[in-house]
Structure formats: C-alpha cells, structure tokens
Amino acid sequence: MSGERLRNFIGGEYVDAKDGRTLEVVDPSTGETYAEAPVSGAEDVDAAFRAAAGAFPAWRDATPAERSLAMLRFADAVEARAEELVKAEVRDTGKPVQLTLDEEMPPMVDNLRFFAGASRVLEGKATGEYMADHTSSIRREPIGVCAQVTPWNYPMMMAVWKFGPALSAGNTVVLKPSETTPASTLMLAEIAAEFLPPGVFNVICGDRDTGRALVEHPTPQMVSITGSVRAGMEVAAAAASDLKRVHLELGGKAPVVVFDDADVEAAATGIAEAGYFNAGQDCTAATRVLVAERLRGEFTEALVEAAKGTAVGPPSDADAYYGPVNSEAQLARVQGFVERAPGHARVLAGGERVGDRGYFFAPTVVAGLKQDDEMVQNEVFGPVITVQGFSDEQQAVQWANGVKYGLAASVWTQNHGRAMRMTKALDFGAVWVNTHIPFVSEMPHGGFKHSGYGKDMSMYGIEDYTRVKHVMHYIGG
C-alpha cells in the first residue's frame, strides 16, 4: 500500500485507477476518514481481467506440487506479517487488536495451508472400462478466471476463503473487497506477489458499480460473492445472462435452540460469546434464541447478565470483546431494528449507542418477540440477541426453520437422541450441538435457501472451483 492513498493491485504491482475517482475509507472506531481508495471503472476491470487471463495458462499448467509450495510460502509470509496485517484490518473494522491476532489470524493461515495441501489430493471416479473396449478417466481441472467479491465483516478471512481454494485449484482471480474495508486485502495481494506469478491474484477497489462490472465482464467463468441476499440475487441474475458459475454465501438468521435439560450457565455464556463476537456482524452469529418455556426465565436472566458483562471498546482496549459496527449506516440499521420493536417486545439489556464517537452499540437482549416480528425474521447484523420461548420440540423445529435463511444453527441439550433428531430436522448448512460458531478448515461452510449455495473451506470448497471432464479412449483392436 502507498500510505493513506490506496491503489489497485493488478498484474503483480500497485496501479492507479484510470479516472482518479476515489471514496473515503473511515475508521469506525472514531468515525474519521483515514484514507482514500480508488473507485475502479470499466477500464480498471478490463485491465485486471486481462492480467488474470494472461496468467491463467501457466498457473493452470503448474503441477499441484508447485502451486502448493507457492501457497505454503504465501501462508508463511502472512503468518510472519500478522501484526502488520491486523493493524490494517483493525483500522478498517475497529476490531480489538489482540482478539483479532488471537482469534482470526491463526485460522486464516490454517485455511491457506489446508488449501495448499488439498490441491494435491483432488479425487475423481476410478479409471476403468465402463463400456467394452473403452477406457474412461476423469480430469478435474480449474475453471479459469474467477471474479470474487468479499464483505466488510471479516475482510481478510473472507478473502482467504475466496481466493484460497480458487488459486490452489489453478484458477486466477480478480477480487473486489468491500469499499469500507479494502486495506488488508490489498496487503494480502502484495504479499502474494512475492510467491505467485504476476496476474494470478489481482485486487481492485470500488463501489457497487465496480462489483457489477466485475460480474458482468465476459472474461470470468465463475463469480463468487459473500454478501447480502440482495447482492447475491443481483449477482445470480447478472451471471445467468452469460451462464457463469455462481458461488453464493449470503445472510443468516441462526436459531439457537435451548432445551430444558441444557446447562444454563454454559449455554448463556456460550451464546453470548457467539452472538456478540465481532459485534454480531457474522452471518452465523447466535442471535436468535429459542428456549424451552420451563427454562426461559432462568436462561434469559443468565443471558442478560452475560450481556451486561460483555465489554465494548476501541481496538486498543485489551478488555473489549468487540468494537464498533462497520459504519454510520450500519449503526443506524441496528438502532432502527431496536427502535421499531413492537410494543410486546422488551429490551432487557443494551438497546442503545455507546458513546458519541465511533459506531459502538451496546450488547443487547430483546425478549417477548413473536415469530413474525421483524427482528426475528430479518438479519440485524449487530450485537442484538432475541429470545423466544417454545412449548415442545415440534414447535422449536417449526420456528427455527421458519425464516428465509438456512446458514447455521445450534442445539443445546444433554439428550443425545434429541440432538440427533434436531440436527436432522434443522434446515441449515451447519448445525452445532452444545456449542456455536467454531470452524475448522476441513469442514464445509455454506447454507441453504436464501443463505446461498456453494461451500467455503474443506474439500467441498476447493471442488467448487474445479470442473470435471470425462475422457474416453477406444482400446479395441
């Protein structure tokens, strides 16, 4: 990066956008502008895709071992420059510095190393004679140039989830980070350039129009986005006109089902941690609690105490569990949900902005809600946990599944049979039992319904960035 003036990274080097348009990048912990980023136009998008297309043949033809080694060296360099990367990430997001170093950097580096190794063990159907005198085999190949768009809640980690499998599988990438959080992704591209050929990994900054230009460009064979349902629908519609492959990781409204045999303190603590982490700006956040009526009072009291004990503060505050929400607009969105709460709702903790500098919002608990209330049905994407009481297992399943999202859920119970029934019945791409939100590189992440399709992480994730070709040889005399 070049000081406080950010630039695109295309073809292995920093370059200026063609027409000089810029947008302000704001530190959400202060509300003050700290940098300017380019608003890339059609010429910039063209330049990035030319670089990616030019680099593709050689990167595709590199052996899995060669690509793996390059990605492993890249991962080592990311780990070595962790503090520098976190400094950039924190400036864009306001996250607590130490928490980001401890909780986000290690899994991010592990993701890179996993994909580096996974590219060497891709599998296909066994070669054989499925027809007399003919031998069939399978080739698993990279798709080509991929266009990717990442969100602002986990700028670095979501970038890794996107370019990690794509590059390891032999594709080349043009990636656009969120306009509010571009700095750390640009730094990742700069680090990658030490180990990857020019043009393999390109990053361009810009706004929604830039993203549309990326998706609509004729070069990419696949488009991948992590973002809102609205953005996902727009991407899918635009990609359909050119029959591009689409990979969507969209919103969530995770149900957290607490049965009356659950450990109340453990559940309340775990749910508060999973609901307020990253200021609740997580599609899998534990923000929609369904608790058995017999336990509702006791559990809600414990959750309120956990909320009141959750510290909010700026990046330098070592005691802070989370920082600000992303922007002034996001703060207004979160406040709006609370302000519009129906009369039967009760705000038991938080519910207000913290301080008058930056975009901090208090850890909030809202009870008394009904299934069709806005706060239950729609993603708040902030530090707000709702609580509903259910009468029996059937109602718990009905209410848990009764939203348009299908990304993640959790069940809290000591009854093994009940846990097994619930994990089968819950219509979500990931279901945890007696925990919520842990991820590992070996297991997939992705949802159903309006939460999108395609998988991040795991072998499923890298397979999404490949295509399958059948090769048949006539071997008869």
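Residues numbered from 1 in each chain as written. Predicted model: local features only at pLDDT ≥ 70, side-chain atom pairs only at ≥ 80, totals over all residues. Heavy atoms only, no water.

## Digging into the UniProt feature "domain: Aldehyde dehydrogenase" (unreviewed entry) in the protein
- UniProt feature "domain: Aldehyde dehydrogenase" (unreviewed entry): in the numbering of this structure it lies at residues 14-471.
- Within residues 14-471, the helical portion is 40% and the strand portion 22%, while the C-alpha atoms at the span's ends are 42 Å from each other. (UniProt positions renumbered as here; feature names shortened; annotations may be inferred. Helix = DSSP H or I, 4+ residues; strand = E, 2+ residues; numbered from the N terminus.)

## Overview of the side chain of Asn111
- Summarising the element assignment, Asn111 is placed in helix α5 (residues 105-118).
- The class for Asn111 is buried, based on a relative accessible area of 3%.
- Ignoring sequence-local partners within four residues, the contact set of Asn111 consists of Val160, Trp161, Ser441 and Met457. (Buried < 20%, exposed > 50% of the residue type's maximum accessible area, 1.4 Å probe, protein only. Contact = heavy atoms within 4.5 Å.)

## A short note on the pattern of salt bridges
- Under the definition given, this model contains 28 salt bridges.
- The residue Arg294 makes a salt bridge to Asp260 at a minimum N-O spacing of 3.5 Å. Taken together, the positions of Arg294 in helix α11 (residues 293-308) and Asp260 in the loop between β12 (255-258) and α10 (264-276) put the pair 34 residues apart, joining distant regions of the chain.
- Judged by its relative accessible area of 64%, Arg294 is exposed.
- What makes Asp260 partly exposed here is its relative accessible area of 30%.
- The partner of Glu374 in a salt bridge is Arg340, with the nearest N and O atoms 2.9 Å apart. Here Arg340 lies in the loop between α12 (328-339) and β14 (346-349) and Glu374 lies in helix α13 (residues 374-377), a separation of 34 residues in the sequence.
- What makes Glu374 partly exposed here is its relative accessible area of 32%.
- Three or more residues joined by partner-sharing salt bridges are found here, namely Arg81, Glu84, Glu190 and Glu194. (Salt bridge = Lys/Arg side-chain N within 4 Å of Asp/Glu carboxyl O.)

## Focus: the packing of helix α3 (residues 82-93) against helix α7 (residues 183-192)
- It is the contact of α3 with α7, at a shortest axis distance of 8 Å, that shows an interaxial angle of 155 degrees. It follows that α3 is roughly antiparallel to α7 by the angle criterion. Judged by residue contacts, Glu84, Leu85, Ala88, Glu89 and Asp92 of α3 engage Ala183, Ser184, Met187, Leu188 and Ile191 from α7.
- Taken together, the residues that form the contact of α3 with α7 break down as six nonpolar, one polar and three charged. (Axes fitted to C-alpha atoms, helices over the stretch in contact; angles between N-to-C directions. Parallel < 35°, antiparallel > 145°, perpendicular 65-115°, else oblique. Nonpolar A, V, L, I, M, F, W, Y, C, P; charged D, E, K, R; others polar.)

## Quick look at the environment of Asp282
- Looking at the secondary structure, you find Asp282 in the loop between α10 and β13 (288-292).
- On the basis of relative accessibility, which here comes to 10%, the residue Asp282 falls in the buried class.
- Between the C-alpha atoms of Asp282 and Phe381, which are 99 residues apart in sequence, the distance is 6.6 Å.
- Look past the residues within four positions of Asp282 in its chain and what remains in contact with it is Asn153, Tyr154, Glu379, Phe381 and Ile437.
- Looking at Asp282, its side chain comes within polar contact range of the side chain of Tyr154, at 2.7 Å.
- Side-chain polar atoms of Asp282 contact the side chain of Thr284, separated by 2.6 Å. (Polar contact = N/O pair within 3.5 Å; in protein donor to acceptor, adjacent residues only side chain to side chain.)

## Topic: the UniProt feature "active site" (unreviewed entry) in the protein
- The UniProt feature table records "active site" (unreviewed entry) at Glu249.
- Within the secondary structure layout, Glu249 lies in strand β11 (residues 245-249).
- Ignoring any residue separated from it by four or fewer positions in sequence, one finds Glu249 in contact with Ile225, Thr226, Gly227, Cys283, Leu407, His445, Ser451 and Asp456.

## Some words on the sheet that holds strand β18 (residues 384-390)
- The mixed open sheet is built from seven strands, whose spatial order is β14-β17-β18-β13-β12-β20-β21. Strands with a single pairing partner mark the edges of an open sheet, and in this sheet they are β14 and β21 (430-433). Adjacent strand axes in the sheet meet at a mean angle of 25 degrees when their direction is disregarded.
- One ladder, built from four bridges, connects β12 with β13; its direction is parallel. In the sheet register, Val258 faces β13, and the bridge partner there is Val291. (Pairing = 2+ DSSP bridges.)

## Overview of unusual backbone geometry
- At Asn434, a position not held by glycine, the phi torsion is positive, near 60 degrees.
- Tracing the sequence through the fold places Asn434 in the loop between β21 and β22 (448-449).
- The phi dihedral of Met457 falls on the positive side, at around 60 degrees, and the residue is not glycine.
- Inspection of the secondary structure puts Met457 in the loop between β23 (452-453) and α16 (458-463).
- Note on Met457: relative accessible area 2%, which makes it buried.

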